[in-house]
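# Breakdown of the fold
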Amino acid sequence: GCSSVLTLDLGQGVEEIGAGAFKGLTKVTTLTIPDSVKTMGSSAFQGMSALLELNLNRNTKQYGDNVFGSASKLPSVVLPEGMTEVASNMFASCSALTTVTIPETVTVIHKNAFRSCKKLTNLILPQNLTSIDDGAFYSCSALTSVTIPDKVTYVGEGAFRDSTSMTALTIGASVETIGGFAFYG
């Protein structure tokens with residue numbers, strides 16, 4: 001394999017990155033997605049366990065499941081303006097992630113998007129958010145407070161399950177469905 005790769009420089013002409021294309025590059029510390037990239041397949045960058053810096057572009061419209069999962073040293077991430085959905089398992093098991101900046105353009109956070117981000121403490125959900133899917137923040141045990149914005153209508157099963165440090169929770173006025181065990185533990 002290519003597990004010894006230290007630097008990854010993606011050319012400006014790359015438009016699509018296939019499933020698992022760079023999975024398991026465990027020594028890459030910085031990743032910049034060029035503006036030309038429109039689509040990333042499932043697990044495209046999964047398991048980049050040394051990743052410390054991730055720079056996304058606003059032109060990528062499709063992210064596959066688990067695209068950045070298990071980037072276990074990544075401390076923070078800023079999602080780009082224009083992004084409308086956070087993919088399933090997008091940052092699952094990014095165990096060092098403390099801060100995530102989600103733009104106001106995001107309306108859906110899909111299943112297990114931030115599952116097991118055990119150090120995530122700084123979370124401000126965008127005001128245009130309408131759905132927080134099953135397990136989106138499951139086992140984010142350092143979260144201390146969450147405000148579900150007023151446009152959210154759905155909070156999925158186990159969405160914030162095992163958020164054991166949570167001391168403040170505000171649920172917005174439009175929530176119609178709260179799934180089983182959404183705030184359990």
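Note: the structure precedes this text.
To keep things clear, this report deals only with the structure shown in the data block. (Residues numbered from 1 in each chain as written. Predicted model: local features only at pLDDT ≥ 70, side-chain atom pairs only at ≥ 80, totals over all residues. Heavy atoms only, no water.)

Let's shift gears to the overall build of the chain. The secondary structure content of the chain amounts to zero helices and 15 strands. The C-alpha radius of gyration computed for the chain amounts to 16 Å, which stays within 12% of the reference 16 Å derived for 185 residues, consistent with globular compactness. Along the first, second and third principal axes, the C-alpha atoms of the chain reach 45 × 25 × 20 Å. Sequence-distant contacts, at least 24 apart, represent 22% of the contacts inside the chain between residues at least 6 apart. When the accessible surface of the chain is totalled, it reaches about 8300 Å², and 48% of it is carbon and sulfur. Averaging the locations of the 12 positively and 15 negatively charged side chains of the chain gives two centres separated by 8 Å. (Helix = DSSP H or I, 4+ residues; strand = E, 2+ residues; numbered from the N terminus. Rg over C-alpha atoms; globule rule 2.2 N^0.38 Å. Contact = heavy atoms within 4.5 Å. Areas by Shrake-Rupley, 256 points an atom, 1.4 Å probe, with all protein chains shown as cover. Lys, Arg positive; Asp, Glu negative; His and termini not counted. Charge placed at Lys NZ, Arg CZ, Asp CG, Glu CD.)

So, on to the packing of aromatic side chains. Within this structure, the stated rule accounts for eight aromatic pairs. Judged by centre distance (5.6 Å) and plane angle (10°), the rings of Phe45 and Phe68 are stacked. On the criterion of sequence distance, the pair formed by Phe45 in the loop between β3 (39-40) and β4 (53-55) and Phe68 in the loop between β5 (62-63) and β6 (76-78) is long-range, its members being 23 residues apart. For the pair shown, Phe45 and Phe68 are each scored as buried. Geometrically, the ring pair formed by Phe181 and Tyr184 is edge-to-face, given 5.4 Å between the ring centres and 90° between the ring planes. Of the aromatic side chains, those joined through ring pairs into one cluster are Phe22, Phe45, Phe68, Phe91, Phe114, Phe137, Phe160 and Phe183. Directly above the aromatic system of Phe181 lies the positively charged group of Arg161, at a separation of 5.1 Å from the ring centroid. (Phe/Tyr/Trp six-rings, centres within 6.5 Å; stacked < 30°, edge-to-face > 60°. Buried < 20%, exposed > 50% of the residue type's maximum accessible area, 1.4 Å probe, protein only. Lys NZ or Arg CZ within 6 Å of the ring centre and 35° of its normal.)

In total, this model carries zero disulfides according to the counting rule given. Cys140 takes part in no disulfide bond, and the closest cysteine sulfur, belonging to Cys117, lies 5.1 Å away. (Disulfide = S-S within 2.5 Å.)

On to the sheet that holds strand β8 (residues 99-101). Adjacent strands of a sheet form backbone hydrogen bonds with each other and so pair up, either parallel or antiparallel. Taking strand neighbours across the sheet as the criterion, the three strands line up as β6-β8-β10 in an open arrangement whose pairing is parallel. The strands lining the two open edges of the sheet, one partner per strand, are β6 and β10 (122-124). Pairwise comparison of adjacent strand axes, ignoring direction, gives a mean angle of 15° for this sheet. Bridge count between β8 and β10: three bridges; the pairing is parallel. Counted as the bridge partner of Val100 is Leu123 from β10. (Pairing = 2+ DSSP bridges. Axes fitted to C-alpha atoms, helices over the stretch in contact; angles between N-to-C directions.)

A cluster of nonpolar residues, Leu169, Ile171 and Ile178, forms a patch on the protein surface that exposes about 240 Å² of accessible area. With respect to the secondary-structure elements, Leu169 resides in strand β14 (residues 168-171). (Patch = residues over 30% accessible without salt bridge, like charges linked within 9 Å, V, L, I, M, F, W, Y side chains within 5 Å. Salt bridge = Lys/Arg side-chain N within 4 Å of Asp/Glu carboxyl O.)

In this section: the sheet that holds β5. Taking strand neighbours across the sheet as the criterion, the three strands line up as β1-β3-β5 in an open arrangement whose pairing is parallel. The sheet is open, and its two borders are formed by β1 (16-17) and β5, each paired with just one other strand. Inspection of the sheet shows β3 paired to β5 by two bridges, in the parallel sense. In the strand pairing of β5, Thr39 is matched with Gln62.

The next thing to look at is the nonpolar core. Within soluble globular proteins, side chains that are nonpolar generally end up buried alongside one another. In this structure, Phe45, Phe114 and Phe137 are the most contacted members of the largest nonpolar core, which totals 53 residues. If near-sequence neighbours (up to four positions away) are discounted, Phe114 is found in contact with Val86, Phe91, Leu97, Val100, Ile102, Ile109, Ala136, Phe137, Tyr138 and Cys140. (Core = buried A, V, L, I, M, F, W, Y, C linked by side-chain atoms within 4.5 Å.)

Take the side chain of Asn57 next. With respect to the helices and strands, Asn57 occurs in the loop between β4 and β5. Asn57 sits in the buried class, given a relative accessible area of 3%. A distance of 2.5 Å separates a polar side-chain atom of Asn57 from the backbone oxygen of Pro34. Among the polar contacts made by the side chain of Asn57, one reaches the main-chain amide nitrogen of Asn59 at a distance of 2.5 Å. Setting aside anything within four residues of it in sequence, one finds Asn57 in contact with Ile33, Pro34, Asp35, Val37, Tyr63 and Pro80. (Polar contact = N/O pair within 3.5 Å; in protein donor to acceptor, adjacent residues only side chain to side chain.)

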